[in-house]
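In case you want the letters, here they are:
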Amino acid sequence: LFDFARTLTPMDLELKEGTGDQTAFGAVLKEVLAQTRDRSTLGVLIFSDGAHRAIPPDDLDPLTAARQLADSQVPVYGVGFGASSLSSASLDLGI
């Protein structure tokens, strides 16, 4: 399990909330692509509010990175939860 902001970090299950300063999906998915090149990976599962909050140089296009993973036979699955401060129409889900 990994946590992410600008980079992947091993998840600390004791933390109650994220500690990163941005949500750089593109940069993180590119890092996943680099780490899975020589491994058999069934897929990537992302739990997020879906808000892409990244600043240069970490503001890579997440769709491009997801397509590159798909081209490598590594599908990306997103699970939405929580509230995004960018949208008042988001929905909280219980898992």
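Residues numbered from 1 in each chain as written. Predicted model: local features only at pLDDT ≥ 70, side-chain atom pairs only at ≥ 80, totals over all residues. Heavy atoms only, no water.

*Asks:* Describe helix α2 (residues 62–71), naming the residues involved and giving the relevant values.
*Replies:* Taken as a whole, α2 has its buried residues at Ala65, Ala66 and Leu69. An end-on view of α2 places all buried positions within 100° of arc, on one side of the element. Residues Leu63, Arg67 and Asp71 are exposed on α2 and point more than 90 degrees away from its buried face. Residues of α2 that are buried in the fold lie against α1 (25–36) and β4 (76–80). (Buried < 20%, exposed > 50% of the residue type's maximum accessible area, 1.4 Å probe, protein only. Helix = DSSP H or I, 4+ residues; strand = E, 2+ residues; numbered from the N terminus. Arc of directions from axis to C-beta. Contact = heavy atoms within 4.5 Å.)

*Asks:* So what's going on with unusual backbone geometry? Residues and values would help.
*Replies:* Cis geometry marks the peptide bond from proline 56 to proline 57, where omega comes out at 5°. When you line up the elements, proline 57 lands in the loop between β3 (44–48) and α2.

*Asks:* Go over the pairing of β3 with me, naming the residues and quoting the values.
*Replies:* Side chains Val44, Ile46 and Ser48 of β3 all project onto a buried face; the interleaved residues Leu45 and Phe47 project onto a face where none is buried. Both β3 and β4 contribute to a ladder of 5 bridges, which runs parallel. If you follow valine 44 over to β4, its bridge partner there is valine 76. Handedness of the crossover joining β3 and β4 through α2 is recorded here as right-handed. (Pairing = 2+ DSSP bridges. Right-handed = clockwise from strand over helix to strand, strands pointing away.)

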